[in-house]
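Okay, here's what each chain looks like letter by letter:
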Amino acid sequence: MNKVLGIVVALLMTTAVVAQRGREGGQPAAQGERQGGAPAANAPQGGRGAYQPTLWWGDEMFPKWPYPAGDAVYADLDGMKIKGYINEITAISRKSRDDGNQYWGRITGSPYDKMTTDWVAAQFKRIGLETRVQEFTDLPEQWWPTSWEVSVGGGGKSVSLKTAFPLYRSVGTTGQAELDPVWVGMGTAADFRDRDVRGKAVVAYGFPNPGGRENTALTFGIVKRAEEEGAAALFIVLGFPGNVMNEPTAAGTQPPARMPIFMLGNQDGTAIRQMIEQDQSPRLRFRLSVELRAGLKTETVWGILPGSTEENIAVMAHTDSFFEGAMDNASGMATMVALAEHYAKIPKNQRRRTMTFFTTSAHHSPSGNNASIRWIHNNMKQMWSKTALLVNCEHTAQVATFLVGETLYGSNQVSARRWFVGGSNQLKTIVMKDFKDYGMALFSRPEPRPGGELGQVFTDAPSFHIIDQIVYHTDMDTLNAVPAAGLEQSAHVFAKIIDDVNKVEMNALLGAPVTTR
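As the structure is a computational prediction, the values presented were derived from the model and not from experiment. (Residues numbered from 1 in each chain as written. Predicted model: local features only at pLDDT ≥ 70, side-chain atom pairs only at ≥ 80, totals over all residues. Heavy atoms only, no water.)

Trainee: Describe the nonpolar core, and please don't skip the residues or the numbers.
Mentor: Ile222 and Phe357 are the most contacted members of the largest nonpolar core, which has 87 residues in total. Per-element accounting of this core gives the leading share, 11 residues, to helix 8 (residues 326-344). Aside from chain neighbours lying at most four places away, what touches Phe357 is Phe124, Leu129, Val301, Trp302, Gly303, Leu305, Val315, Met336, Leu339 and Ala340. Counting residues in hydrophobic clusters, the runner-up holds 34 residues, among them Phe136, Ala201, Val237 and Leu264. (Core = buried A, V, L, I, M, F, W, Y, C linked by side-chain atoms within 4.5 Å. Buried < 20%, exposed > 50% of the residue type's maximum accessible area, 1.4 Å probe, protein only. Helix = DSSP H or I, 4+ residues; strand = E, 2+ residues; numbered from the N terminus. Contact = heavy atoms within 4.5 Å.)

This is the structure in structure tokens:
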């Protein structure tokens, strides 16, 4: 129970939500939603009452704190310009959705994955980098839901559950299924006790811990428990206020399921629960079509900026996403492009080390050992042997948000980030001093092992990253939740760390060898 309490407290302190869809990309604002200035006159009043859509401040409301002396050299790393790149990238995801795909985003192996790498390659060429595109044709078989629908009927009415989204590696149905729902609370062993779920649809509530990628129902093992108890289907309600669509699990986080599993938004889940509470004999009706697609392709884009030596600074960002993926990881790609632009303006003889910018994909789906980051880890030993620093650009900024009653409020501050530094004590001193000088908000402890894409390659070179985490893997991850002030701060501090590292000999940056299991 202490663990549950800690998770809930973390949610209350740090979780975030975006109104159903932001105004970017031609989408209408929710009632009372404003991009900047004072709240709209017709906005619901605050307090601890019923759900209200999130209000977002515009970028002009974020304070810009003074940067340290000497920062003027990074003036071209402008937050609004970086945010403009994010909008171009997320437009690819919106096209995926608008083209009629229920399974939408910059999904690895899809045409929108290719559009994304084409965008990066075009940026690298525009900037003047030596650019090449590496195609990977040996992706593992990809799980791919093609269409689905879910509704609940009871008490003489039927409700379409629009936020239903199949959990990664769920199995499909043969035609439409219709099952009795059984509510099991948080899905713990205690919740299942004395509940007959055999042949029925289990419905459970998951607290985000701390964001849409994970929730307590999954971490408490509900998939295995429901299967062992003979359930025929599983529905997990994500406990964000409103009605959020999400895909929580990334590649390799669970074995294939033996039943259909859907995530649901809070309002859709409440509709099921209330029918049960009111003895309306509800029935869940659903269908799910799934394919296992072989022969899909993906790409890595390489951009080289030669320096005075063959020693290397590497900067990477992953390209794929569910939904719009503004923070995850359009923010990282946009930051990487901005850094490439900055350093391309510096004469070659003033760049101590060559810079290698590259993308990876299949971050949210299996890549095997013959594609993307695993291939790079396994096959780029020569590059790694000359790399003085690896910078991972991933989830570089997000609005700090707070839960009050049943509403999540945006603020005019940048959220604190997870962080990791791997290498020598001298490198750690450089990174931490620059974080402090630039006022970077950080968690009070570093990651023991880096999350995100850096977790695949942190043993290959001295490295660091910051990574935010609240709205990812949900359709809340839109441009509204990514503040230009935070993007600019991240880009400036990344550049300062790179420049400070370039004053240090490579052997002074290397830490003790890291062994992994």
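Next comes the rest of the description.
Trainee: Could you give an account of the packing of helix 2 (residues 79-98) against helix 3 (residues 111-127), naming the residues involved and the relevant values?
Mentor: Running from amino to carboxyl end, helix 2 crosses helix 3 at an angle of 160 degrees, the nearest separation of the two axes being 9 Å. If you check the angle between helix 2 and helix 3, you find them roughly antiparallel. Every pair of crossing elements has a handedness; the one defined by helix 2 and helix 3 is right-handed. The residues of helix 3 that touch helix 2, namely those facing Tyr85, Glu88, Ile89, Ile92, Lys95 and Ser96, are Tyr112, Met115, Thr116, Trp119, Gln123 and Arg126. (Axes fitted to C-alpha atoms, helices over the stretch in contact; angles between N-to-C directions. Parallel < 35°, antiparallel > 145°, perpendicular 65-115°, else oblique. Left-handed = near helix turned anticlockwise from the far one by under 90°.)

Trainee: Lay out the sheet that holds strand 18 (residues 463-467) with the relevant residues and their values.
Mentor: Taken together, seven strands build an open sheet; the order of strands is 1-11-13-12-14-18-17 and the sheet is mixed. The strands lining the two open edges of the sheet, one partner per strand, are strand 1 (130-136) and strand 17 (418-422). Strand after strand, the sheet turns through a mean of 15 degrees between neighbouring axes, direction not considered. Packing of helix 3 onto the sheet brings it into contact with strand 1, strand 11 (298-305) and strand 13 (353-360), and relative to strand 11 it is tilted by some 10 degrees. Across the face of the sheet, helix 12 (residues 484-501) comes into contact with strand 12 (309-318), strand 13, strand 14 (387-392) and strand 18 while running at roughly 175 degrees to strand 14. (Pairing = 2+ DSSP bridges.)

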